[in-house]
Amino acid sequence: MSIVTHGVEPASRLVTGQIPKWLVRWSKFSRALVFADLPDEVVSRTRLVVLDSIGAIVAGRSEPEVGAAEKRLKRSSRNGRRSSPLMHAFLDGTAGTMLEIDEGNQYARGHPGIHVVPAVLAAGELRKISGSDAIVAIALGYEIGARIGMASKLRVTMHPHGTWGTVGAALAVAKCNRASARDIVSVVNVASSLGLTTSRRTMLEGGTVRNTYAGFSNMLGLMAWDLVKSGITGEADGVGSVYGGIAADDFQPAIMTDELGVRWEIARNYFKRHAACRYNHGALDALSAIVAEAGGRIDPDAVEKIEVQTYVWAAQLDHPEPANMLAAKFSMPFSIATYLVNGSASLDAFRDPARSDPVTKSLAKRVVVDEDPALTARLPAERPARVRLKLKSGRQFEALATINKGDTENPYASDEVVAKFHEITEPILGRDRSCEIAKTVLALETSETLASLQNLMRMTK
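Figured I'd write up the structure that's included with this text. Note that the structure is a prediction, hence the values are computed from the model and not measured.

### Some details on the overall build of the protein chain
Scanning the protein chain from N- to C-terminus turns up 23 helices and 6 strands. Its C-alpha atoms give the protein chain a radius of gyration of 22 Å, near enough to 23 Å, the size a compact globule of 461 residues would have. Its C-alpha atoms give the protein chain principal-axis dimensions of about 70 × 65 × 45 Å. Burial status across the protein chain gives 56% buried among its 461 residues. Taking the intrachain contacts of the protein chain between residues at least 6 apart in sequence as the baseline, contacts between residues at least 24 apart amount to 79%. About 19300 Å² of surface is accessible on the protein chain, with carbon and sulfur atoms providing 52% of the total. Separation between the mean location of the 55 positive side-chain charges and that of the 51 negative ones in the protein chain comes to 5 Å.

Right, here's the structure in full:
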């Protein structure tokens, strides 16, 4: 038997039944890993990732779409009163991406934390999970998701949210359930087929369905464990198939095990202070340096033109008239303009009142964004941007940012990450509850269960 149509392989070649060597190693590594195996840096960074993710979730829950979705989903549930762990995983993942303030990983080219933390918190509603076990599960889920992102080239038309994060969530939940090595293989293979067909254009147009992608990853990751334990099976090499030719190309399995257990991706993450897409941060950092050089403020009306030269993905964000808050966060011209007008790229700097401000709208149209191939070539280790600001008086300023503030190479101090948490949660939770959550998370390994943390997050003010 033979097939002559190009691109179609016969089943006799495709069906090998061979589990890839990297996954066998991962299953054994994941099964054996305990809290004592984690380096101190990984433990401390994981705590901060949990805190940062919870902060993003709490802040995002106050957005009207999240509240409305929760009410409608509760009405469609059987009891109509309580949210299930699956719903919590979905809503928390969705809320955590609403405001574009959650942490990420530049090497994975995505946001592993918000794809894993809600799933582990939801798993803690189904069984007793200690704080130390939660840290292990989150670090593991983060690691496999980030490494899939590093090992493959996601299609440029796809958004990374909702893709490999599903595998990360599934592995984290499996670890919470003390899965065997065999079950870990099955969970990874099943979860690999559950990623979404995400569209990159949603973020550019302001299609807020994009904010649900991480929610679905957490929910589906939680479901993957129950599916496997119910007898549902996947293919032998689901990750290789999906990320080697369906959602992505050029899957490099060697990256999955390179320095496994030695180099941890969660310890190479970044945290965000600008409430905008990470691609804008290099230009915003450069602009910040220009404003400081100019004496602390530049009158927007005095600006003739702002030129931004940056790497390809940042240069793509050139639309000057965003349709809504999400699109504004993915607009370089608007981000630059609102920073100058408001003095920072804060949460409020992207809301409708700021977006409709005539001074900001006018300035955004005077921002020109271009790709510089030499700056693109510096990815992923750097996220560079060069900003030139020309005043109508003829005076000019220029600054180059290569390593974004918050990156591992230019990190925020732990105190700054904690300060961000309080800044975005205290208006919603109040000072006392915000402090109690931070205290619990920063000593998470001492907690016998996740119940107290969950109660602090769920209770009303």
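### With respect to the side chain of Asn269
Within the secondary structure, Asn269 sits in the loop between α13 (253-257) and α14 (281-293). Within polar-contact distance, the side chain of Asn269 engages the side chain of Glu103 at 2.9 Å. When sequence neighbours within four positions are dropped, the list of residues in contact with Asn269 reads Arg45, Val49, Glu103, Gly104, Asn105, Tyr142, Gly406, Asp407 and Thr408.

### A look at helix α5 (residues 85-98)
Spanning 14 residues, α5 covers 20 Å between terminal C-alpha atoms, matching the ideal 20 Å at 1.5 Å per step. Burial runs high along α5: 13 of the 14 residues are buried. In the segment just after α5, Glu100 is the residue with positive phi, at about 55 degrees.

### A few points about the sheet that holds strand β5 (residues 385-391)
Overall, mixed pairing links the 4 strands, which are arranged β4-β3-β5-β6 in an open sheet. For this open sheet the edge positions go to β4 (367-371) and β6 (396-401), each flanked by a neighbour on one side alone. Ignoring which end each strand starts from, the neighbouring axes of this sheet average 15 degrees apart. Across 7 bridges, the pairing between strand β3 (residues 303-310) and β5 is antiparallel. Of the residues in β5, the one forming a bridge with Glu307 is Arg388. Running at roughly 130 degrees to β3, helix α17 (residues 332-342) makes contact with β3, β4 and β5 of the sheet.

### Brief notes about the pairing of β3
Bridge count between β3 and β4: 5 bridges; the pairing is parallel. In the strand pairing of β4, Val308 is matched with Val369.

### Focus: the nonpolar core
Trp26, Ile54, Ile306 and Leu389 are the most contacted members of the largest nonpolar core, which totals 139 residues. If one sorts the elements of this core by residue count, helix α7 (residues 131-151) sits on top with 13 residues. In this structure Trp26 touches Leu140, Glu143, Ile144, Arg147, Leu171, Met256, Thr257 and Leu260, once residues within four positions along its chain are discounted.

### Here we look at the pattern of salt bridges
On inspection of all chains with the given rule, the structure shows 28 salt bridges. In this structure, Asp250 and Lys153 form a salt bridge, with 3.9 Å as the shortest nitrogen-oxygen distance. Separated by 97 residues along the polypeptide, Asp250 in the loop between β2 (248-249) and α13 and Lys153 in strand β1 (residues 153-154) bring together distant segments of the chain. Owing to a relative accessible area of 55%, Lys153 belongs among the exposed residues under this scheme.

### Regarding the pairing of β5
Counting buried positions along β5 yields 5 of 7 residues, so the element is predominantly enclosed. Note that β5 and β6 share 6 bridges and pair antiparallel. Looking at the pairing, Ala385 lines up with Ala401 of β6. The hairpin formed by β5 and β6 contains 4 residues between the paired strands, and Gly394 there has a positive phi angle of roughly 100 degrees.

### Observations concerning unusual backbone geometry
In this chain, Leu379 is followed by Pro380 through a cis amide linkage whose omega measures -5 degrees. Its place among the elements puts Pro380 in the loop between α20 (373-376) and β5. Here Asp250, not a glycine, exhibits a phi torsion of approximately 60 degrees, which is positive. Of note in this structure, Glu259 is not a glycine but carries a positive phi near 55 degrees. Secondary-structure assignment places Glu259 in the loop between α13 and α14. You can call Glu259 partly exposed: its relative accessible area is 41%.

The rules behind these values
- Residues numbered from 1 in each chain as written.
- Predicted model: local features only at pLDDT ≥ 70, side-chain atom pairs only at ≥ 80, totals over all residues.
- Heavy atoms only, no water.
- Helix = DSSP H or I, 4+ residues; strand = E, 2+ residues; numbered from the N terminus.
- Rg over C-alpha atoms; globule rule 2.2 N^0.38 Å.
- Buried < 20%, exposed > 50% of the residue type's maximum accessible area, 1.4 Å probe, protein only.
- Contact = heavy atoms within 4.5 Å.
- Areas by Shrake-Rupley, 256 points an atom, 1.4 Å probe, with all protein chains shown as cover.
- Lys, Arg positive; Asp, Glu negative; His and termini not counted.
- Charge placed at Lys NZ, Arg CZ, Asp CG, Glu CD.
- Polar contact = N/O pair within 3.5 Å; in protein donor to acceptor, adjacent residues only side chain to side chain.
- Expected span 1.5 Å × (residues − 1).
- Pairing = 2+ DSSP bridges.
- Axes fitted to C-alpha atoms, helices over the stretch in contact; angles between N-to-C directions.
- Core = buried A, V, L, I, M, F, W, Y, C linked by side-chain atoms within 4.5 Å.
- Salt bridge = Lys/Arg side-chain N within 4 Å of Asp/Glu carboxyl O.

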